[in-house]
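Structure at a glance
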Amino acid sequence: MSDADVAVMELPGLLKNVQEMLNEEKWTRATLGNYSAAQFKEFDVVLKECQEAHLYEGLKSLCDEHLVHTKNSIIALYISGMIALSRQVIDDSAIVNLVNIFVDNHKWVIVKYLCEGILEYGESKFALRTLAECYRNENNEEGIYGVWERLVKVDIEEAELAKALAEHYEKLGDIDAAIDYYKKALHRYITKAVYKEVKDIWGKLLDYIGDDTDFFLNMHKRIAKSIDKDKAAALLKEVYEICKKKGDIATSIVILKIVLEYDDRDNQARKEITECYRKNYAGHSQLEDYIRISSLAQGPRNVREAIIDFEKHIAFDKGNFVYHRTWGVGRIASVQGDDIIIDFAKKRNHSMSLKMAVNALQTLSKNHIWVLKAVWKKDKLHENVKSDHIWALKTVIRSFDNSCDIKRIKAELVPQVLSPGEWTGWSSKAREILKSDPNFGVSPDDIDIFTVRDRPISLEEKLYNEFKAEKSFFERTVTIREFVSHKDVELDSEYFTEMFSYFTAYLKSYNQVTEQVAASYLLVKDMTVKYPHLGAGLSLDFTPLFESIEDVPALFLNLRDAKLKEEFLRQIKLFIPSWADIYINLFPYALSNSIIQHLEEAGFGDKLAAMTANNFENFRDYREAVVWLFKNCRGKEWYLNAGVPYEKQLITLIHILDKSYREIENHRDTTDNRKINKQIYTILFIDGALDRFIAEEDSYTILRIYTFINDVKDLDPADKIKLRNKILDRFPDFKFLGEEERRSAVLGLIVTMAKYQEKQKQLAKLIEEDVPANSKEIEFAKSLGDLRENAEYKAALEKQAILNSTLAKLSDEIERAQLFDPATVSTSRAGFGTRITLKNNSNGKQEEYTLLGPWESDPDRNVISYLSPFGGTLLNKGVGEQFDFSINNEKVSYVVENISAAI
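Residues numbered from 1 in each chain as written. Predicted model: local features only at pLDDT ≥ 70, side-chain atom pairs only at ≥ 80, totals over all residues. Heavy atoms only, no water.

1. Notes on the sheet that holds strand 11 (residues 846-852)
The strand order across the open sheet built from 5 strands is 12-11-10-14-13, with neighbouring strands paired in mixed fashion. Two strands close off the open sheet at either side, each with one partner strand: strand 12 (863-865) and strand 13 (882-887). Shown here is a sheet whose adjacent strand axes are inclined to one another by a mean of 45 degrees, direction ignored. (Pairing = 2+ DSSP bridges. Helix = DSSP H or I, 4+ residues; strand = E, 2+ residues; numbered from the N terminus. Axes fitted to C-alpha atoms, helices over the stretch in contact; angles between N-to-C directions.)

Right under this line is the structure:
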């Protein structure tokens, strides 16, 4: 028995049958003529049985191995290819090779069956084009057009078929469908820069939707950018002729302005726009004078300058409104030659020359918000604004060249029209309207600038415009997801196509995997899973992309979108074998509960325990991770197995708390430090971690924890007092012995600036004068000889010892000195820098003490050190508190009557 026979016998029954089929095909050298669609249906039965038996992996491996030696095996190509399709694997070479074999041999029935099978797993450009060939061979025209429609959706660059479909529906009389496909074709031919086709379709669409000037105005911008400005101007002139026939003067002027922007020497366009202005302002008393003054009709003056000048002048006519920065809103009473009479509210019958008026005044429409605020009664305007959001928004936005943001809207309405309180509710609804109402759009240059549309805008176009206006890459990911989430948008629309292409462009050519490339992959991959046809022609393999990332944690942090971060983690788990180690390395940056869950479910408790121990050991680098783990995981088994004592966990949190206070004070990463500070404070003091610790541990351990808490300089003293009282409640005889001395040794000596400077001078005198002088004394004494009997030498050495001791002590104290800021004196409790008035209950007399440090201590003036026994007892006492203190074995009872600032 051969090795091959033994291998077959060891296979499961179903796989054994497939192996035998492959061997038979190989040995009998079956020709293509032996295959029929019915046989492929039998192969489908085998595929289904293997899937149900969970043998897909083994089946594909078996076929792939067979193809290594027999590359044109029909059975192996089909089975391997269909399994790859079912798994949405990008490599479809097996099934493509199989189809091409039958195409080359004109086996159209089998080709059709194969293509239809491929398309059951999602749209495929290859399968659709091949299926169309099958229908062509069957003379099935209806089938061809049906496939073309699907193909146009899948292939966003396919222009020829879009035009063919438009012509097809045009013949059938379905004009709406024809227009839709003509628009698709126009977009795609513009992208391809095929002007001949663009011009032809432009003419078709003008016949059908000539009224939709917004569409043509948008398209001309793309034509000017992709093809040629002169050609864009020529096409716009065709739109102008339609507007001219309809008598749409306003749009005609807009179009002619654009044409003249492209070519300011177009005399015919200049003549046409002059005639349009004449019609538009036919009743204006100064029309011809202003045309002449501005040199609009003809002359050497640049036409664009002439238009600007004319539009400035034409606004000045009897009854029109103007604005002066000092006098406010006024109304033109009369225009006589070069003189204009204006009525301002506080300056009636004001006269100025036309030239001065053009330069000094801003013309306003009668519906300008400034005019309404000046002319309307306040109650009427208030009621209109409050009750009709759309009218109010249109009024304000149009008042400022149809370009306005929320801040400007608020500035115009609050407080003159709406109160600040009314604005809060009003603005919420206004924002919703601006986002959803088709009568409003956004500026193509700034997502925060809103405009009013002359014609309602579709939801697709509205979201597309927002996408184009948004400058942030990650905000654009939000917009396209919102686009897809709406049921009434078309994913084959040119708006979606352009947005989607923005992200696929990152995947088609990149030298380095940036956060934009990674985000584009994640977004596109997610969309192609939901809508497989979007992935046609794209290579979406995560493994090589991930392997090209230089710094995974840095890239992860730069993914400024929570959904993309979650998808990134999911892709790692799906496609990267060492995903668990990557998750462990990413956790301190991700702080994701899903990471923990996935590692737990996969049985990686040991890795989680090691990670926890490492995070606590290196808490300065992993502050957020330590806090997150303590807060969310401290009851889990793997957390407990990390072997970090609970006392050490609390001490670590206290260290981080102290560090965050200092960072906040130094204005370093203030936002992040405030966040982590609040989290730890909540854990320790609000959630009761310290209270529980005090209730369970021994006094020695509690003292250690209290010592660390007491070291946190910026912690509210009230929290320290509460903690101290909790300890005393449990251990009434608890002694905080040496606490202040330890503070002095560890944290430093609290001193005033005056004493600090005085001690520095003393140190300088010791170093610069006393020590050198003593050295000279020693040298002189040595010169006297006989050091054993030399009194001068012994005296000098004794002085040296005293100086060295004094110098060492003073240097140490200065090094430990903590300068006290008088601005921080608190009179709620006795503390450094306070004056405390006590009543001696033993003799009924008042006593007053100033609490400072050992350097400032002067008992004769009742200035005592906070490190002295009596000073330590006074610390943190509040007004009304009673306490006892023993003096020379005599207990004296005191009550605090007053606390005031002493410095």
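What follows picks up the thread again.
2. Considerations on the pairing of strand 10 (residues 834-840)
Extensive coverage of strand 10 is indicated by the burial of 5 of its 7 residues. Of the pairings in the sheet, the one linking strand 10 to strand 11 comprises 6 bridges and is antiparallel in character. Counted as the bridge partner of Leu838 is Glu847 from strand 11. Note that strand 10 and strand 14 (residues 890-901) share 7 bridges and pair antiparallel. If you follow Arg835 over to strand 14, its bridge partner there is Ser900. (Buried < 20%, exposed > 50% of the residue type's maximum accessible area, 1.4 Å probe, protein only.)

3. Overview of the pairing of strand 13
Each regular strand displays side chains that alternate between the two surfaces of the sheet. When strand 13 meets strand 14, the two strands line up antiparallel, connected through 6 bridges. Within strand 14, the position partnered with Ile887 by the bridge is Glu890. The loop that links strand 13 with its antiparallel partner strand 14 comprises 2 residues; one of these, Asn888, has a positive phi angle of about 55 degrees.

4. Details of the sheet that holds strand 4 (residues 347-353)
Spatially, the 5 strands line up as an open sheet ordered 4-3-2-1-5, and their pairing is antiparallel. Each of the sheet's edge strands pairs with one partner strand only, and the pair in question is strand 4 and strand 5 (362-364). The average undirected angle you get between the axes of adjacent strands in this sheet is 40 degrees. Bridge count between strand 1 (residues 321-324) and strand 5: 3 bridges; the pairing is antiparallel. Bridged to Tyr323 within strand 5 is Gln362.

5. Concerning the nonpolar core
Formed by 116 residues in total, the largest nonpolar core has its most connected members in Phe40, Phe102 and Phe316. Setting aside its immediate chain neighbours within four residues, Phe102 contacts Leu32, Tyr35, Phe40, Ile74, Lys107, Ile110, Val111 and Leu114. Counting residues in each nonpolar core, the second largest holds 93 residues, with Phe474, Ile480, Met499 and Phe568 among its members. (Core = buried A, V, L, I, M, F, W, Y, C linked by side-chain atoms within 4.5 Å. Contact = heavy atoms within 4.5 Å.)

6. Structural notes on the packing of aromatic side chains
For the structure shown, the criterion picks out 49 aromatic pairs. A ring pair is formed by Trp327 and Phe344, whose centres lie 5.4 Å apart and whose planes are at 55 degrees; its orientation type is tilted. Here the residue Trp327 occupies a position in the loop between strand 1 and strand 2 (328-336), and Phe344 occupies one in strand 3 (residues 339-344), the gap between them amounting to 17 residues. Judged by relative accessible area, which is 0%, Phe344 ranks as buried. Of the aromatic side chains, those joined through ring pairs into one cluster are Phe467, Phe473, Phe474, Tyr502, Phe503 and Tyr506. Over the ring of Phe215 we find Lys183; its NZ or CZ atom is 4.8 Å from the centre of that ring. Just above the ring of Phe467 sits the side chain of Arg476; from NZ or CZ to the centre is 4.9 Å. (Phe/Tyr/Trp six-rings, centres within 6.5 Å; stacked < 30°, edge-to-face > 60°. Lys NZ or Arg CZ within 6 Å of the ring centre and 35° of its normal.)

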